[in-house]
Amino acid sequence: MANSAPLLAPSLLAGNHAALRDSLSIIENAGLEWVHLDIMDGHFVPNLSFGPQTLSDLRPNSKLFFDTHLMLSEPHRYIEPFAKAGAQRLTIHIEPDYPHLDTLRKIKSMGVCAGIALNPNIPAERVKPLLGEVDLVLAMTVFPGFGGQSFISSVLDKIKTLAEWRSQLGLNFRIEVDGGINIETGLACRQAGADALVAGTSFFKAPDKAAFIKAILA
Ligand code: DX5
Ligand code: ZN
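1. Side note on the environment of histidine 17
Here comes step 1: Mapped onto the elements, histidine 17 comes out in the loop between strand E1 (7-10) and helix H1 (20-29).
Here comes step 2: Remark: the alpha-carbon pair of histidine 17 and serine 49, spanning 32 residues in sequence, is separated by 9.4 Å.
Here comes step 3: Dropping the residues within four chain positions of it, histidine 17 is found in contact with Leu12 and Phe50.

Now the structure itself:
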């Protein structure tokens, strides 16, 4: 099971991009603490989203924790701009070839929390050497690039493995899941050991945000 009280991080990607500030207010008014910011480069993933300028312009409008997911082939080139823009966590992917450890250390040297992400087809072993360096492991439950995709349930075993390692190694990183998360899939992930749920489509489409939050974090 999870080791911390579960958190919900709505993904701004599913909000109206002409009114991102309003989306932040919706999240904040619902009493949540985190917002998930999806950064895409059109290369590591086949889509584009927004960049540091957007974070920097949003930053003064919100007290939310900026949980920032870098879907970039070369994340090491963009740590400083995102840290300066107000990201409070920068989560980088394990799949591309760049200096992962140096990049995690660079993130932390800038006073920002560091996370490592892995796609659904990547075994947990790939991130094991880095677990002592991060405060969050992001287990993707879809192949990244787009909101509104279906949850891949085979990731549940990997979440269990990560949760076992967390307790065996005496570490306390959060396990975050991202992609196709709703009340049902969120519960399955929490039972496997996840304690941070990203929800884009299901959160923004929920007519009653309070009821949705109560159910998904119950
Ligand atoms: C997918 C992104 C997700 C996305 C989730 O590439 O990393 O954060 O916004 O969207 P839903 O919750 O709609 O699957
Ligand atoms: Zn994401």
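2. Remarks on the site of ligand 1
Here comes step 1: As a structural note, the neighbourhood of ligand 1 is formed by 20 residues, with Asp38, Gly145, Asp178, Gly200 and Thr201 the closest of them.
Here comes step 2: The side chain of histidine 36 places a nitrogen or oxygen atom 3.5 Å from an oxygen atom of ligand 1.
Here comes step 3: One of the backbone nitrogen or oxygen atoms of glycine 180 is found 2.8 Å away from an oxygen atom of ligand 1.
Here comes step 4: Listed by contribution, the elements that provide at least two residues to the shell around ligand 1 are strand E2 (34-40), strand E3 (65-71) and strand E8 (196-199).
Here comes step 5: Top contributing element to the shell around ligand 1 by residue count: E2, with three residues.

3. With respect to the pairing of strand E6 (residues 136-140)
Where a strand is regular, its side chains alternate between the two sheet faces.
Here comes step 1: Judged by how many residues are buried, E6 sits mostly within the fold: five of five residues are covered.
Here comes step 2: Every second residue of E6 is oriented toward a common face, with Leu136, Leu138 and Met140 on one face and Val137 and Ala139 on the other, all of them buried.
Here comes step 3: With four bridges joining them, strand E5 (residues 113-118) and E6 adopt parallel strand pairing. Its bridge partner being in E6, glycine 115 is matched across the sheet by leucine 136.
Here comes step 4: Bridge count between E6 and strand E7 (residues 174-178): five bridges; the pairing is parallel. Note on E7: the bridge partner recorded for leucine 136 is arginine 174.
Here comes step 5: This β-α-β element, E6 to helix H5 (residues 155-168) to E7, shows right-handed connectivity.

4. What to know about the side chain of serine 23
Here comes step 1: Along the chain, serine 23 falls in helix H1.
Here comes step 2: For serine 23, the residues in contact, after removing those within four places along its chain, are Leu12, Gly15, Asn16 and Phe204.

5. Observations regarding helix H4 (residues 100-109)
Here comes step 1: Looking only at H4, the buried set comprises His100, Thr103, Leu104 and Ile107. Viewed end-on, H4 has its buried residues packed into an arc of 100°, placing them on one side of the element. Opposite the buried face of H4, by more than 90 degrees, sit the exposed residues Asp102 and Ser109.
Here comes step 2: At its buried positions, H4 is contacted by helix H3 (79-85), strand E4 (89-93) and E5.
Here comes step 3: Where H4 terminates, the next one or two residues include glycine 111, which has phi positive at roughly 80°.

6. A look at the nonpolar core
Here comes step 1: In this structure, Leu8, Leu12, Leu55, Val137, Ile159, Cys189 and Phe203 are the most contacted members of the largest nonpolar core, which totals 61 residues.
Here comes step 2: With six residues, the top contributor of residues to this core is H5.
Here comes step 3: Setting aside anything within four residues of it in sequence, one finds leucine 8 in contact with Leu32, Trp34, Leu197, Ala199, Phe203, Phe212, Ile213, Ile216 and Leu217.
Here comes step 4: Counting residues in each nonpolar core, the second largest holds eleven residues, with Ala9, Trp34, Phe65 and Val198 among its members.

How each quantity is defined
- Residue numbering note: each chain is counted from 1, following its sequence as written.
- Following the order in which they are written, the chains are lettered starting with A and the ligands numbered starting with 1.
- Where totals are concerned, whole chains, interfaces and linings use all residues; where local detail is concerned, this predicted model gives features only for residues with pLDDT of at least 70, and gives and counts side-chain atom pairs only at 80 or more.
- With hydrogens and water set aside, each side-chain value is computed from the structure's full complement of heavy atoms.
- A run of H or I in DSSP becomes a helix once it reaches four residues, and a run of E becomes a strand once it reaches two; helices and strands are each numbered from the N terminus.
- Any two residues whose heavy atoms approach within 4.5 Å are treated as being in contact.
- We call a residue near a molecule or strand whenever a single non-hydrogen atom of that residue lies within 4 Å of it.
- Under the rule applied, a polar contact is a pair of N or O atoms within 3.5 Å (in protein, one hydrogen donor and one hydrogen acceptor; residues adjacent in sequence only if both atoms are side-chain atoms).
- Remark: exposure states derive from per-residue accessible area (1.4 Å probe, protein chains only) relative to the maximum for the residue type, with buried under 20%, exposed over 50%, and partly exposed in between.
- Here, a strand pair is defined by DSSP locating no fewer than two bridges between the strands.
- By definition, the crossover connecting two strands over a helix is right-handed if that path, from the first strand to the second, turns clockwise as seen with the strands pointing away from the viewer.
- It is the directions from the helix axis to the C-beta atoms whose arc is reported.
- Nonpolar core, defined: a set of buried Ala, Val, Leu, Ile, Met, Phe, Trp, Tyr and Cys residues in which side-chain atoms within 4.5 Å join the residues together.

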